[in-house]
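Residues per chain, in single letters:
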Amino acid sequence: ARGATGALVSMAFGFAMYGATFLLPMYLAQVQGYNSEQIGWTIMWSGAPQLIMMPLAAGLLKKFDARLLLTLGLACFGASGFINAEMTNLTAYDQLKLAQLVRAIGMSLTIVPLTALATGGIEQEQSGSASALFNMLRNLGGSIGIALLATQLDWREKFHSVRLGESVTAFSNAAQERLAGFTQHFLNLGADPASAGSQALAAVAGLVRREAYVMAYGDCFYIVGAVMMAMVLVVWFCRPVKGAVGAAH
């Protein structure tokens, strides 16, 4: 039962870890227009702190129940997903630091005790194979997560586009004011009235699509957070393990 529970948590962790790694660069490129270097510097905040946290997590495992550390790690990871779920079109490098740091702590406090919890009752000669199996399950969960989140992102973007589009009508004063502002802007740039009107419509449509994507990314991060929080309950169906770092990697 412990192995099955560990396998479930491993797959869910892979779902969240690889899912977040997939979503954030996509958001930064699509919404913020970041290039590869800017994306790298941004996501660094979730990677670099793990260099410090990983050895600390291994040390804590020698003193505390793996389930307790895993609960804290999953909760931190889940919290980072909920923080990202509140993103707006202004969320960029500075605004993402907190969620990234919380996720780094969560990942470090999850990876080490999860392997120990899943393989703690297995004989020493089989520990290598067991560790490889759980790493494979984590990668499998990641593959499933990326596929599901990519599909969900597409669905939710279409849904939010339709809902937002319902508000951008000839009867909406805010929409008409924004359209008039864009039209005047393009007229000032030298466009003729017909072209200015077309460009203004395209600009408004672009804003609607951008906001729909921001909301869709938020929905996907909410799913990541919810999956991690659900695993907090599953962890406590495992038997306690302490001090067995084993083949964690």
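Computed from a predicted model, the values in this text were never measured in an experiment.

Parameters at a glance
Residues numbered from 1 in each chain as written. Predicted model: local features only at pLDDT ≥ 70, side-chain atom pairs only at ≥ 80, totals over all residues. Heavy atoms only, no water. Helix = DSSP H or I, 4+ residues; strand = E, 2+ residues; numbered from the N terminus. Buried < 20%, exposed > 50% of the residue type's maximum accessible area, 1.4 Å probe, protein only. Areas by Shrake-Rupley, 256 points an atom, 1.4 Å probe, with all protein chains shown as cover. Expected span 1.5 Å × (residues − 1). Polar contact = N/O pair within 3.5 Å; in protein donor to acceptor, adjacent residues only side chain to side chain. Salt bridge = Lys/Arg side-chain N within 4 Å of Asp/Glu carboxyl O. 1 Å grid on protein atoms, 1.4 Å probe; cavity = no way out; pocket = protein on both sides within 12 Å on 5 of 7 lines; lining within 4 Å. Points joined across faces, edges and corners; volume = space filled by probe spheres on them. Nonpolar A, V, L, I, M, F, W, Y, C, P; charged D, E, K, R; others polar. Phe/Tyr/Trp six-rings, centres within 6.5 Å; stacked < 30°, edge-to-face > 60°. Axes fitted to C-alpha atoms, helices over the stretch in contact; angles between N-to-C directions. Parallel < 35°, antiparallel > 145°, perpendicular 65-115°, else oblique. Left-handed = near helix turned anticlockwise from the far one by under 90°. Contact = heavy atoms within 4.5 Å. pLDDT = per-residue confidence, 0-100.

With respect to the overall build of the protein chain
Item 1. The helix and strand tally for the protein chain stands at 8 helices and 0 strands.
Item 2. Starting at the N terminus and walking to the C terminus, you meet the elements of the protein chain as α-α-α-α-α-α-α-α.
Item 3. For the protein chain, the residues scored as buried account for 43% of the 249 residues in total.
Item 4. When the accessible surface of the protein chain is split by element, carbon and sulfur atoms take 65% of a total near 12,500 Å².

Section: helix 4 (residues 66-84)
Item 1. With 19 residues, helix 4 extends 27 Å from end C-alpha to end C-alpha; this agrees with the ideal 27 Å at 1.5 Å per step.
Item 2. If you check the start of helix 4, you find a side-chain oxygen 2.9 Å away from the backbone N of R67, and it comes from D65.

Focus on the pattern of salt bridges
Item 1. As enumerated under the stated definition, the model contains 6 salt bridges in all.
Item 2. Between D94 and K97 there is a salt bridge, with its nearest N and O atoms 3.9 Å apart. Separated by 3 residues within a single helix, D94 and K97 lie in helix 5 (residues 93-119), roughly one turn from each other.
Item 3. On the basis of relative accessible area, K97 is assigned to the partly exposed category, the value being 26%.
Item 4. Across the pair R210 and E211 runs a salt bridge whose closest N-O atoms are separated by 2.8 Å.

Examining the environment of Y27
Item 1. Here Y27 shows up in helix 1 (residues 2-30).
Item 2. The exposure class assigned to Y27 is buried, which follows from its relative accessible area of 0%.
Item 3. Put simply, Y27 and I39 are 12 residues apart on the chain and 9.6 Å apart in space, counted from C-alpha to C-alpha.
Item 4. At 2.6 Å, the side chain of Y27 forms a polar contact with the backbone oxygen of T91.

Looking at the layout of surface pockets
Item 1. Here the second largest pocket defines a volume of roughly 150 Å³.
Item 2. M17, A20, T21, L24, P25, I43, S46, G47, Q50, Q100, R103 and M107 are the residues that line the second largest pocket.
Item 3. It is helix 1 that provides the largest number of residues to the lining of the second largest pocket, a total of 5 residues.
Item 4. In the lining of the second largest pocket, the residues fall into 6 nonpolar, 5 polar and 1 charged.

Considerations on the packing of aromatic side chains
Item 1. The full count for this structure, using the stated rule, is 4 aromatic pairs.
Item 2. With a centroid separation of 5.9 Å and an interplanar angle of 90 degrees, the aromatic rings of F13 and F77 are classed as edge-to-face. Here F77 lies in helix 4 and F13 lies in helix 1, a separation of 64 residues in the sequence.
Item 3. For F77, a relative accessible area of 1% puts it in the buried group.
Item 4. Geometrically, the ring pair formed by Y213 and Y217 is tilted, given 6.3 Å between the ring centres and 35 degrees between the ring planes. Residue Y213 and its partner Y217 are located together in helix 8 (residues 193-235), separated by 4 residues, close to a single helical turn.

Some points on the packing of helix 4 against helix 8
Item 1. With their axes 7 Å apart at the nearest point, helix 4 and helix 8 run at an angle of 165 degrees to one another. Viewed along their axes, helix 4 and helix 8 adopt a mutual orientation that is roughly antiparallel. Along this stretch, helix 4 crosses helix 8, giving a crossing that reads as left-handed. Contact residues: R67, L70, T71, L74, A75, F77, G78, A79, G81, F82 and N84 in helix 4; G218, F221, Y222, V224, G225, A226, M228, M229, M231, V232 and V235 in helix 8.
Item 2. A breakdown of the residues in the contact of helix 4 with helix 8 according to their chemical character gives 15 nonpolar, 6 polar and 1 charged.

Describing empty space enclosed by the protein
Item 1. Tallied over the full model, the rule gives 1 cavity of 30 Å³ or more.
Item 2. Estimated volume of the largest cavity: approximately 50 Å³.
Item 3. Of all the elements, helix 6 (residues 127-165) adds the most residues to the lining of the largest cavity, at 4 residues.

Observations regarding the side chain of T91
Item 1. By secondary structure assignment, the location of T91 is in the loop between helix 4 and helix 5.
Item 2. For T91, a relative accessible area of 10% corresponds to the buried category.
Item 3. A distance of 2.9 Å separates the side chain of T91 from the backbone nitrogen of T88, its partner in a polar contact.
Item 4. If sequence neighbours within four positions are ignored, T91 has contacts with Y27, Q32 and L96.

Digging into the confidence of the model for the protein chain
When pLDDT drops low, the exact placement of atoms in the prediction is not to be read closely.
Item 1. For the protein chain, per-residue confidence averages 83 on the pLDDT scale, and 87% of positions sit at 70 or higher.
Item 2. Helix 4 holds the highest mean pLDDT among the elements of the protein chain, 93, whereas helix 7 (residues 173-188) holds the lowest, 72.
Item 3. Confidence drops under pLDDT 50 across residues 245-249; counting only partners more than four residues distant or on other chains, this segment forms 13 contacts.

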